[in-house]
Amino acid sequence: MSERAEELKKRLFNKRENGWKNTKEKEKIFEYSKEYIKFMNESKTEREIIKSSKKIAESKGFKSIEAYNELKPGDKVYYINRNKSMYLAIIGKEDIANGLNIIGAHGDSPRLDLKPNPLYEDGEFAYFKTHYYGGIKKYQWTTIPLSIHGVIVKTNGEKIELNIGEDDNDPIFTITDLLPHLAQDQMGKKLKDAIDGEDLNLLIGSIPYDEECQEAVKLNILNILNEKYGITEVDLLSSEIELVPAMKCRSMGFDESMVAGYGQDDKVCVYTELTALTDLQDIPNKTAICIISDKEEIGSMGNTGMESRVFDTFISEVLNKLGVNKPNLLEKVFCNSKMLSADVDAGLDPIYASVSEKNNVAHLGRGIGLNKYTGSRGKSGASDANAEFVAEVRKIFEENDIRYQISELGRVDVGGGGTIAYILANKGIDVIDCGVPVLSMHSPYEVTSKFDIYEAYKGYKAFLGN
Ligand code: MN
Ligand code: MN
């Protein structure tokens, strides 16, 4: 190539390079990932992530909004909705009517939930019946170690918290699968039909109760649960018990460039947005908001999902306590607000490259990934960011030396997906999807790049502080 063409190319092409090349921040990236991995191992469910996030927020000076009668610039507040979703704010210097800078992620991840009547005995084994939550490939959830997390609430209000299978001294649980020797029929089925939803039953015990009786193994399990937690079978009716992979989140690869762990969709964005907010040094101009929402994986419905009005109520409460609230101010604030919908993106997997279009797919290691639009088949159901707003976000990232890439989820007509973006966009907020690319999304062991995680942290911080 001629020198002139070389030079012109350098000036005109969108350079899409591996971020690890020439990075001066490798040490910082690895340091940050260590804390992220620690956070992941303490926060596998939506309730646990709220607990961990509250701890981080409080250690950085955030207080429940209920502790304030009046708010002023620099105040740091949070609101926790039913232990499952959370909103945080740092009050900015500017008039709040000019809008908010919002980042929103979700704390729930695909998993197996126990049914309301889960316990049964069959063939002298005791089992828990499950109903899967979110989009999973069912075969991935058999023959792996699973842990039990959640709450059992008694009618007197007493709440028993469960976390069994994370400590090395705990037992774990598993769902069995057929041996290949006898799986001829199963192996001939379509992958999606190979494991029936009603066969995702958790094996939890095999010792019968000491005296001769029917369902002696079930009785023995209930007796253990009764002695340990003071519950009877009927108390399981008012419980929320989740099965999640008992594997630890860990550093991955000879070069330790990646992170493997359960629930990185979307806890990777929760951790990066949360630390971005709590690490802000100066009081931001615009009021800075972080959302940790729930139920994203099943459509954001219910009073802890993003579709509920609880977020609006939180912002109203901020307006009340600033002493500025008046009719329609909330709507005006939203119309002037900007948001990054912080959710993971599908990274290019070279083994399955055919589902992606190579010019428009996110690569692990190339930085934070933006999706201008989501949706599927002709952009149906898409939240599509306006070009003006995309330019604003690019400017913030470029001025702050944040490595970013803009892509879409999969080839045209192959599939698609969505995030909470459209819900906030419906309020009049300018929103773009912006998160960390992931491999093996929704599997028990998702993979991310430490480089992208750190760029997300820096990118969110630049956006909130701008
Ligand atoms: Mn997600
Ligand atoms: Mn998801």
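Everything that follows concerns the structure shown earlier in this document.
A brief report on the enclosed structure follows. Bear in mind the structure is a predicted one, so any value in this text is a computation, not a measurement. (Residues numbered from 1 in each chain as written. Chains lettered and ligands numbered in written order. Predicted model: local features only at pLDDT ≥ 70, side-chain atom pairs only at ≥ 80, totals over all residues. Heavy atoms only, no water.)

## Topic: the overall build of the chain
Working step 1: Helix and strand content of the chain: 12 helices and 22 strands.
Working step 2: The C-alpha atoms of the chain give 24 Å as radius of gyration, which agrees with the globular expectation for 466 residues (23 Å, within 12%).
Working step 3: With the C-alpha coordinates aligned to their principal axes, the bounding extent of the chain is approximately 85 × 65 × 45 Å.
Working step 4: Sorting the 466 residues of the chain into buried and exposed places 52% on the buried side.
Working step 5: Summarising the internal contacts of the chain: among those between residues at least 6 apart in sequence, 76% fall at separations of at least 24. (Helix = DSSP H or I, 4+ residues; strand = E, 2+ residues; numbered from the N terminus. Rg over C-alpha atoms; globule rule 2.2 N^0.38 Å. Buried < 20%, exposed > 50% of the residue type's maximum accessible area, 1.4 Å probe, protein only. Contact = heavy atoms within 4.5 Å.)

## Quick look at the coordination of the manganese ion (ligand 2)
Working step 1: Protein-derived ligands of the manganese ion (ligand 2) are Asp-265 (OD), Glu-297 (OE), Glu-297 (OE) and His-442 (NE2), with the metal-ligand distances lying across 2.1 to 2.6 Å.
Working step 2: Within one chain, the residues donating to the manganese ion (ligand 2) are spaced in sequence as D-x31-E-x144-H.
Working step 3: The metal-metal distance between the manganese ion (ligand 2) and the manganese ion (ligand 1) comes to 3.3 Å, with Asp-265 coordinating both. With a gap of 145 residues between them, Glu-297 in the loop between strand E13 (287–293) and helix H8 (310–322) and His-442 in the loop between strand E21 (437–438) and strand E22 (446–449) connect regions that are remote in the sequence.
Working step 4: Looking at His-442, the relative accessible area reads 18%, which means it is buried. (Donors = N, O, S within 2.8 Å, 3.2 Å for Na, K, Ca; no water.)

## What about helix H2 (residues 26–42)?
Working step 1: Spanning 17 residues, H2 covers 25 Å between terminal C-alpha atoms, matching the ideal 24 Å at 1.5 Å per step.
Working step 2: Restricting attention to buried positions, one finds in H2 the residues Ile-29, Tyr-32, Ser-33, Tyr-36, Ile-37, Phe-39 and Met-40. Along H2, the residues classed as buried sweep out an arc of 160 degrees about the axis, all on the same side. Opposite the packed face of H2, turned more than 90 degrees from it, sit the exposed residues Glu-27 and Lys-34.
Working step 3: The elements touched by buried residues of H2 are helix H3 (46–59), strand E11 (250–252), strand E12 (258–261), helix H7 (264–278) and helix H12 (450–465). (Expected span 1.5 Å × (residues − 1). Arc of directions from axis to C-beta.)

## Some points on the side chain of Asp-294
Working step 1: Structurally, Asp-294 is set in the loop between E13 and H8.
Working step 2: With a relative accessible area of 0%, Asp-294 lands in the buried category.
Working step 3: A polar contact is formed between the side chain of Asp-294 and the side chain of Lys-295, at a distance of 3.2 Å.
Working step 4: Leave out the neighbours within four places in its chain, and Asp-294 touches Glu-46, Lys-84, Ser-85, Asp-108, Tyr-133, Ser-300, Thr-304, Gly-305 and Met-306. (Polar contact = N/O pair within 3.5 Å; in protein donor to acceptor, adjacent residues only side chain to side chain.)

On their own, these measurements won't tell you what the molecule is for.
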